[in-house]
Amino acid sequence: TNVPIVTKPGNQTNPVIATEATGTILHLLWVDETAGNKDIYYAASNGLPETSLAGRNIVDDNSGADQLTPVIITTGSTVAGLRVFACWQDTRNVSKSGNTDLYFVEVNHGKETNVFVGNNATSSNKSASVIGVDKYGYPYLVWADDRNQNIDIYYAGSTFVHSNALASQ
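On a predicted model such as this, the values are computed, not experimentally measured, just so you know. (Residues numbered from 1 in each chain as written. Predicted model: local features only at pLDDT ≥ 70, side-chain atom pairs only at ≥ 80, totals over all residues. Heavy atoms only, no water.)

Chemist: What is the right way to read the sheet that holds strand S10 (residues 139–148) from this model?
Modeler: In any sheet, the strands associate via hydrogen bonds between backbone groups, in a parallel or an antiparallel arrangement. Here we have three strands laid out as an open sheet, ordered S9-S10-S11, and antiparallel in their pairing. Sheet topology places strand S9 (126–133) and strand S11 (150–157) at the edges, where each strand pairs with a single neighbour. Strand after strand, the sheet turns through a mean of 25° between neighbouring axes, direction not considered. (Pairing = 2+ DSSP bridges. Helix = DSSP H or I, 4+ residues; strand = E, 2+ residues; numbered from the N terminus. Axes fitted to C-alpha atoms, helices over the stretch in contact; angles between N-to-C directions.)

Below is the structure:
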């Protein structure tokens, strides 16, 4: 049976889904055009929802730029160290650089800070991102990048993502 997951005004496209290590919780991302531009929305559901999900915008940009092609991954579960990571292609800096970028976030109950992925010194389009987690639960990204005139594959990893600083200087 086809089940309507998200039905709102405007288009909802590019859905992606991840499951937890145990249990039946589903984590979803999609591109949502309800506000007039393309933003990345997130929702979680215990199994398939009985009613349509509203979701929430996880993008901290309010310029009206489009965010595209989300990817998602989870590690752990709701009862044991759940972490949800997302990445997407983003056009918020196109007017300055002329190129698309990638942004990354750990989904945290509405307290998301979008993290720029890449090298500010290069002028390149970043696309086709893939996200994973290592055996310690830390995220890494792989993407296509045209900074050297050819399209090459690049990698970025995180050794620790945490909302509280461990030390400051």
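Chemist: Got a minute to help me understand the pairing of strand S3 (residues 39–46) in this structure?
Modeler: The two faces of the sheet receive side chains in turn, since in a regular strand these alternate between them. S3 sits mainly inside the fold: six of its eight residues count as buried. In this sheet, S3 lies alongside strand S2 (residues 25–32) in antiparallel orientation, the contact comprising eight bridges. What sits directly across from Leu 29, in S3, is Tyr 42. Where S2 hands over to S3, the hairpin turn is made up of six residues, of which Gly 36 adopts a positive phi near 105°. (Buried < 20%, exposed > 50% of the residue type's maximum accessible area, 1.4 Å probe, protein only.)

Chemist: Just to check I follow, could you spell out the pairing of S11 for this structure?
Modeler: Burial of S11 is sparse: only zero of the eight residues sit out of reach of the surface. Taking the residues between adjacent antiparallel strands as the criterion, S10 and S11 are bridged by one residue, where Gln 149 takes a positive phi near 75°.

Chemist: Explain the nonpolar core here, please?
Modeler: Where a protein is soluble and globular, its nonpolar side chains tend to be buried together. In this structure, Leu 29, Ile 40, Tyr 42, Ile 58 and Trp 88 are the most contacted members of the largest nonpolar core, which totals 14 residues. Of all the secondary-structure elements, those providing two or more residues to this core are S2, S3, strand S6 (80–90) and strand S7 (101–107). Apart from the residues within four sequence positions on either side, Ile 40 is in contact with Leu 29, Trp 30, Val 31, Arg 56, Asn 57, Ile 58, Val 59, Gln 67, Leu 68, Pro 70 and Trp 88. Judged by nonpolar contacts, the second largest core, of 10 residues, contains Val 71, Ile 73, Phe 85 and Leu 102. (Core = buried A, V, L, I, M, F, W, Y, C linked by side-chain atoms within 4.5 Å. Contact = heavy atoms within 4.5 Å.)

Chemist: So what exactly am I meant to see when it comes to the packing of aromatic side chains here?
Modeler: What describes a pair of aromatic rings is the distance from one ring centre to the other and the angle between the planes of the rings. Within the structure shown, the criterion is met by six aromatic pairs. Over the face of the ring belonging to Tyr 103 we find Arg 92, whose NZ or CZ atom lies 3.8 Å from the ring centre. The lysine or arginine in question, Arg 147, covers the ring of Tyr 154, its NZ or CZ lying 4.0 Å from the ring centre. (Phe/Tyr/Trp six-rings, centres within 6.5 Å; stacked < 30°, edge-to-face > 60°. Lys NZ or Arg CZ within 6 Å of the ring centre and 35° of its normal.)

Chemist: Just to check I follow, could you spell out the sheet that holds S3 for this structure?
Modeler: Strand order in the open sheet formed by four strands is S1-S2-S3-S4, and the pairing between neighbours is antiparallel. Each end of this open sheet is capped by a strand with a single partner; those strands are strand S1 (12–19) and strand S4 (56–57). Across six bridges, S1 lies against S2 in antiparallel orientation. Paired with Thr 13 across the two strands is Val 31, which belongs to S2.

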